Number of protein chains: 2
Amino acid sequence: MKTAGGFGRGPAGNRSAAHGAGRPCCRRGGGGGLGAFVEPAALAALLAKPAHGYDLRKEISLITDGQVEVDAGGLYRVLRRLEDEGFVTSAWAEGGTGPQRRDYQLTAEGRELAQDWITRLRERERLSRILADALSAQTEEPDGRNG
Amino acid sequence: MKTAGGFGRGPAGNRSAAHGAGRPCCRRGGGGGLGAFVEPAALAALLAKPAHGYDLRKEISLITDGQVEVDAGGLYRVLRRLEDEGFVTSAWAEGGTGPQRRDYQLTAEGRELAQDWITRLRERERLSRILADALSAQTEEPDGRNG
DNA sequence: ACCAACTATATGTTATTAACATATAGTTGT
DNA sequence: ACAACTATATGTTAATAACATATAGTTGGT
């Protein structure tokens, strides 16, 4: 997910060493940061309309007003896994021009999984608020000004 | 984090195979689920008051009204890493009875990191809401009933 | 005196997930 | 002819939680 602003770690600097290429190193993310997003985003896009992978990525950006951008590689990986698990079906599209497309759509189980994700996301929202509030409460200054 | 309710995956069942022990297998979580929680929770507890590890775990439960329970092993690991990175200092406590205690407290940089986490958690809260709303919008039934 | 429960710290391991990187290949527009 | 877009896909690194297990010192109940 490409959200605004990084989350560098100081003061000891980023823990990952620079790559051998000698350029400023990038850093792998891991879902631990903001939590899993690609799967629910994919489900939301598929609920809107069945589509091929590349289009789904654009649909995700559309239905979240540009707030969520998913990694193409990760999206295809998630779609494959969802199909393996029975939440999605896909087939190569006939005709058309350009590179071969694979059309995806949700199964009934996929719609149920989407419901599960609503619950999970509301829970994540709630716990994020609880923790942010706990942190904020401890950093209030005596005169009420916040840091 | 031990939150209410699991998040099993169907219909193909859990992907992890049962352990060789032949008992119902547990499953490792990974931060991808709800996102990182142990570090901000530890920082919130330390902002409330410097304390030893075991007490911090209880403080976390206290300041989140029992909503957040962190794994003890993970908490000690995070405390050590935060110390390695300069956000926390610790020292063995003198005197007292029972097992040896290690007292932790935040550094100035640790307080800054706590500020960073407020920002990050608000962002997570916001994005969780956006995604949950996107999913909910697609599952509304024509007569307005929600699934 | 014995033992369960609590206190207290710590490492090993498995699993989930995102991000960065790179690859191949077919159109389209300049 | 070539850059940019379209479209799919795998390799790899890194972040993080959860489960498991270990060691060791009190305390309280029987």
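Predicted model only: the values in this text are computed from it and were never measured. (Residues numbered from 1 in each chain as written. Chains lettered and ligands numbered in written order. Predicted model: local features only at pLDDT ≥ 70, side-chain atom pairs only at ≥ 80, totals over all residues. Heavy atoms only, no water.)

**Some words on the overall build of chain A**
Phase 1: Counting secondary structure elements, chain A contains 4 helices and 3 strands.
Phase 2: Scanning chain A from its N terminus toward the C terminus, one meets helices and strands in the order α-β-α-α-β-β-α.
Phase 3: Across the 147 residues in chain A, those meeting the buried criterion constitute 39%.
Phase 4: Summarising the internal contacts of chain A: among those between residues at least 6 apart in sequence, 45% fall at separations of at least 24. (Helix = DSSP H or I, 4+ residues; strand = E, 2+ residues; numbered from the N terminus. Buried < 20%, exposed > 50% of the residue type's maximum accessible area, 1.4 Å probe, protein only. Contact = heavy atoms within 4.5 Å.)

**A short note on the confidence of the model for chain A**
Phase 1: Taken as a whole, chain A shows an average pLDDT of 82; of its residues, 77% reach a score of 70 or greater.
Phase 2: Here residues 11-24 of chain A scores under 50 on pLDDT; set against residues more than four positions off or in separate chains, the count is 16 contacts. (pLDDT = per-residue confidence, 0-100.)

**A closer look at the sheet that holds strand β1 (residues 51-52) of chain B**
Residues and elements named next belong to chain B.
Phase 1: In space, the 3 strands of this open sheet follow the order β1-β3-β2, with antiparallel pairing throughout. Only two strands of the sheet have a single neighbouring strand rather than two, namely β1 and β2 (88-92).
Phase 2: Pairing of β1 with strand β3 (residues 102-106), which is carried by 2 bridges, proceeds in the antiparallel orientation. Note on β3: the bridge partner recorded for H52 is D103.
Phase 3: Each of β1, β2 and β3 is contacted by helix α1 (residues 38-48), which is oriented at about 90° to β3, the strand it contacts most. (Pairing = 2+ DSSP bridges. Axes fitted to C-alpha atoms, helices over the stretch in contact; angles between N-to-C directions.)

**Re the pattern of salt bridges**
Phase 1: Per the counting criterion, the structure on display carries 18 salt bridges over all chains.
Phase 2: Put simply, K49(A) and D55(A) hold a salt bridge, and the shortest N to O gap is 3.9 Å.
Phase 3: Here R129(A) ties to E125(B) by a salt bridge, and the two come within 3.0 Å at their closest N and O atoms. Of this pair, R129(A) sits in helix α4 (residues 108-139) while E125(B) sits in helix α4 (residues 108-139), each in a different chain.
Phase 4: R129(A) sits in the partly exposed class, given a relative accessible area of 31%.
Phase 5: For E125(B), a relative accessible area of 8% corresponds to the buried category.
Phase 6: Salt bridges linked by common partners bring R122(A), E125(A), R129(A), D133(A), R122(B), E125(B), R129(B) and D133(B) together as one network. (Salt bridge = Lys/Arg side-chain N within 4 Å of Asp/Glu carboxyl O.)

**Remarks on helix α2 (residues 53-63) of chain A**
Residues and elements named next belong to chain A.
Phase 1: Looking at α2, one finds that the buried residues are G53, L56, E59, I60 and S61.
Phase 2: Against the buried residues of α2 lie α1 (38-48), β1 (51-52), α3 (72-84) and β3 (102-106).
Phase 3: The first or second residue beyond α2 is D65, which carries a positive phi of 50°.

**Some words on the packing of α1(A) against α3(A)**
Between two packed helices, what matters for the description is the angle formed by their axes and the separation of those axes.
Residues and elements named next belong to chain A.
Phase 1: Contact pair α1 / α3: the axes reach a minimum separation of 10 Å and the direction vectors enclose 75°. On the basis of the axis angle, α1 is roughly perpendicular to α3. Along the contact surface, α1 presents V38, E39, A42, L43 and L46, while α3 presents G74, L75, V78, L79, R81 and L82.
Phase 2: Within the contact of α1 with α3, the residues separate by chemical class into 8 nonpolar, 1 polar and 2 charged. (Parallel < 35°, antiparallel > 145°, perpendicular 65-115°, else oblique. Nonpolar A, V, L, I, M, F, W, Y, C, P; charged D, E, K, R; others polar.)

**Focus: the packing of aromatic side chains**
Phase 1: All told, the structure shown has 0 aromatic pairs over all chains when counted by the stated rule.
Phase 2: Just above the ring of F37(A) sits the side chain of R124(A); from NZ or CZ to the centre is 4.8 Å.
Phase 3: Here the basic side chain of R120(B) rests over the ring of W117(B), its NZ or CZ set 5.9 Å away from the ring centre. (Phe/Tyr/Trp six-rings, centres within 6.5 Å; stacked < 30°, edge-to-face > 60°. Lys NZ or Arg CZ within 6 Å of the ring centre and 35° of its normal.)

**Here we look at the relation of the copies chain A and chain B**
Phase 1: Screw-axis analysis of chain A against chain B gives a translation of 0.0 Å along the axis, an RMSD of 0.0 Å, and a rotation angle of 180°. Here the transformation between the copies is reduced to the relation of a two-fold axis. Closest approach to the rotation axis within chain A is made by the C-alpha atom of G35(A), at a distance of 1.9 Å. (Least-squares fit on C-alpha atoms with pLDDT ≥ 70 in both.)

**Comments concerning the environment of A51(B)**
Residues and elements named next belong to chain B.
Phase 1: By the secondary structure assignment, A51 is in strand β1.
Phase 2: For A51 and R102, which are 51 residues apart along the polypeptide, the C-alpha to C-alpha distance reads 8.1 Å.
Phase 3: Setting aside residues no more than four positions away along its own chain, A51 makes contact with L46, L56, R102, D103 and Y104.

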